[in-house]
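Observations on the model geometry
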Amino acid sequence: MQNKKLSFKEKYIGDKQFYRTLLVLVLPIVIQQFITNFVSLLDNLMVGRLGTLPMSSVSIVNQLIFVFNLAVFGGLSGASIFGTQFFGVSDFKGMRDTFRFKMYFSIVTSALAIGLFIFCGEDLVLLFLENEKNTAEEIAATIDYAMKYLRVSLVGLLPFAIVQAYAGTLRECGQTVIPMVGGSIAIGVNLVFNYILIYGKFGFPALGVTGAAIATVFARFVELIFVVAVTHKKHTQFKFIEGAYRGFSVPLNLVKRIAITGTPLLVNEVLWSLGQTFINRNYSIRGITVIAATNITSTAWNLFCVIMFAMGSAVSIVVGQKLGAGDTEGAIDSDRKLVFFSIISHVLIAILLIISAPFIPMMYNVEPEVKELATKMLTAAAVLLPVNAFNHIAYFSIRSGGKTLVTFLLDAVYTWCVPALVSLLLCYFTSLDIIIIYACTQFCDVLKVLISYPLLHSGFWAKCVISDVSNK
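Computed from a prediction, not measured in an experiment: that's the story for all the values here. (Residues numbered from 1 in each chain as written. Predicted model: local features only at pLDDT ≥ 70, side-chain atom pairs only at ≥ 80, totals over all residues. Heavy atoms only, no water.)

Some words on the overall build of the protein chain
Of the regular secondary structure elements, the protein chain holds 17 helices and 0 strands. For 472 residues, the compact-globule estimate of 2.2 N^0.38 gives 23 Å, and the protein chain sits close to it at 22 Å. Principal-axis analysis of the C-alpha atoms places the extent of the protein chain at approximately 65 × 50 × 35 Å. When burial is assessed residue by residue, the protein chain has 56% of its 472 residues classed as buried. (Helix = DSSP H or I, 4+ residues; strand = E, 2+ residues; numbered from the N terminus. Rg over C-alpha atoms; globule rule 2.2 N^0.38 Å. Buried < 20%, exposed > 50% of the residue type's maximum accessible area, 1.4 Å probe, protein only.)

Structure, rendered in structure tokens:
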């Protein structure tokens, strides 16, 4: 009843301190992700200068590695729910045990992914190329490029996963600057060595897509060394790391709780990323030009979504810490204001993307057909950007209270039952233009809003999950 008495401003707009806190949390993440995605765009442009086939091959491999990245994210996210709430009550032993769990998960997941890609990599790449529009020569060349890129990229999987374990735990402490600096250094290294190794500058051989992979792997190790070194150097500030490697045990009760809470997240991220890959695979039956266009679209779209991604992290930190401290009402109030801020900001960003859409593909050395397709895809994606922003923050809000089964149903299950099915039916059983198919698939997210809004509004998700495992 109390909420009904609040004015619009009191309900949806925070005070100056609220936005100062948000700025401190979000700005480093925005900067890191903007630089990351901007350099990814430049990286894409560099590979794109080699031609449509090399760019398409790298795009296919990155979609496969994207599944691994999301599996790591999903597995660590379940533990992060506990880590954030442990920090909210200053339970550093709980954080330390959670960190150890993350390290075990990172190592095991990396080993499994490397084995899968070694033995099945070529077959997975081929799934994107089996259609009548691609010639035998195009398929053979694309597979050759893709496997050269993939074999080198495998070396970077483990350092990527370990960095996520460290960076995620630092963010649970409210420390977003160190991961930002580490990521910024890494992408700077990646950009420089991309230029040197792809094109053969300063006496180095021109390695093409192999050079791009080497640069990425080198950057992964640079980021790992920086983040680990700074975290351990500041061990008095980040108490979770003190004694983290003096023992390797994790309380069985905590493992069970993380497994129960986190398994739906892990399965969700794997199935959701597979769903997105499946959708892109459906698009790919319309030809290699479509693969190139979707690659340009996704790379540019990520650049315009840095605030959206950062807002997800902000919800996890702000709402999670309040829930851990037992402030349920404050968690719901903060979440409502974060949702409102995210939607409004992404209306403005969507307008900017629509204006920019015709110019972004012009930077690529690809066929006019690819440029036209990418422009139309970017415009369609921009229209639905505020919708995506709401769905993204709703996911992190519900997840922060440990309602991971609900997020699994809203995210992975929904993806496979609606947009994945729509793309499959339209691509295989209609002669509709790929732009119409792409727009229809994107529009499916509107239905998701109609489902997630009542759940978010009810506040059922706002629960403390550490009450029976905290040492406080």
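Observations concerning a nonpolar patch on the surface
A surface patch of nonpolar side chains, amounting to about 280 Å² of accessible area, comprises V267, L271, L274 and W416. Accessibility expressed as a relative area gives 33% for V267, which makes it partly exposed. (Patch = residues over 30% accessible without salt bridge, like charges linked within 9 Å, V, L, I, M, F, W, Y side chains within 5 Å. Areas by Shrake-Rupley, 256 points an atom, 1.4 Å probe, with all protein chains shown as cover. Salt bridge = Lys/Arg side-chain N within 4 Å of Asp/Glu carboxyl O.)

Some details on the side chain of S110
For S110, the position within the fold is in helix α4 (residues 92–126). When near neighbours in sequence (up to four residues on either side) are disregarded, S110 contacts F68, L157, L158 and A161. (Contact = heavy atoms within 4.5 Å.)

A short note on α4
The end-to-end C-alpha separation of α4 is 47 Å, in line with the 51 Å expected for 35 residues at 1.5 Å each. Of all the bends found along α4, the most pronounced is centred on C120 and spans about 75°. The distance from a side-chain oxygen at the start of α4 to the backbone nitrogen of K93 is 3.4 Å, and the residue carrying that oxygen is D91. (Expected span 1.5 Å × (residues − 1). Bend = angle between axes of the 7 residues up to and from the residue. Polar contact = N/O pair within 3.5 Å; in protein donor to acceptor, adjacent residues only side chain to side chain.)

A look at the nonpolar core
Among the nonpolar cores identified, the biggest contains 121 residues, and V125, F240, Y283, L338 and I434 are the most heavily contacted of them. Ranked by residues supplied to this core, first place goes to helix α3 (residues 52–88) with 13 residues. In this structure L338 touches F18, L22, M311, V315, V319 and I393, once residues within four positions along its chain are discounted. (Core = buried A, V, L, I, M, F, W, Y, C linked by side-chain atoms within 4.5 Å.)

Examining the environment of V181
If you trace the backbone, V181 turns up in helix α7 (residues 177–199). Note: C-alpha distance between V181 and P28 (153 residues apart in sequence) is 8.4 Å.

Structural notes on the packing of α3 against helix α9 (residues 252–284)
Relative orientation of the contacting elements α3 and α9 amounts to 150°, with a least axis distance of 8 Å. With respect to each other, α3 and α9 are oriented roughly antiparallel. As for the relative orientation of α3 and α9, their crossing is right-handed in sense. For the contact of α3 with α9, a count of residues per class yields 16 nonpolar, 11 polar and 2 charged. (Axes fitted to C-alpha atoms, helices over the stretch in contact; angles between N-to-C directions. Parallel < 35°, antiparallel > 145°, perpendicular 65-115°, else oblique. Left-handed = near helix turned anticlockwise from the far one by under 90°. Nonpolar A, V, L, I, M, F, W, Y, C, P; charged D, E, K, R; others polar.)

A word on unusual backbone geometry
The backbone of S90 shows a phi angle near 60°, a positive value even though the residue is not glycine. On the basis of relative accessibility, which here comes to 37%, the residue S90 falls in the partly exposed class.

A short note on the state of the cysteines
Two cysteines joined by a covalent bond between their sulfur atoms form a disulfide. Under the counting rule described, the total for this entry stands at 0 disulfides. Cysteine C305 remains unbridged, with the sulfur of C444 as its closest cysteine sulfur at 18 Å. Of the residues examined, C305 reaches a relative accessible area of 0% and is grouped as buried. (Disulfide = S-S within 2.5 Å.)

What about the packing of helix α14 (residues 385–400) against helix α17 (residues 434–458)?
Angle between the axes and distance between the axes: these two values describe a pair of packed helices. Contact geometry for α14 and α17: axes closest at 10 Å, N-to-C directions at 35°. As for how α14 packs across α17, the hand of that crossing is left-handed. Residues V387, N388, F390, N391, A394, S397 and I398 of α14 form the contact with α17, whose own contacting residues are D445, V446, K448, V449, S452, Y453, L455 and L456.

A look at the pattern of salt bridges
All chains considered together, the criterion is met by 8 salt bridges. Across the pair D333 and K337 runs a salt bridge whose closest N-O atoms are separated by 2.7 Å. With D333 and K337 both in helix α12 (residues 328–356) and 4 residues apart, this pair spans about one turn of that helix. For D333, a relative accessible area of 25% puts it in the partly exposed group. In this structure, a network of salt bridges that share partners links the residues K93, D97 and R100.

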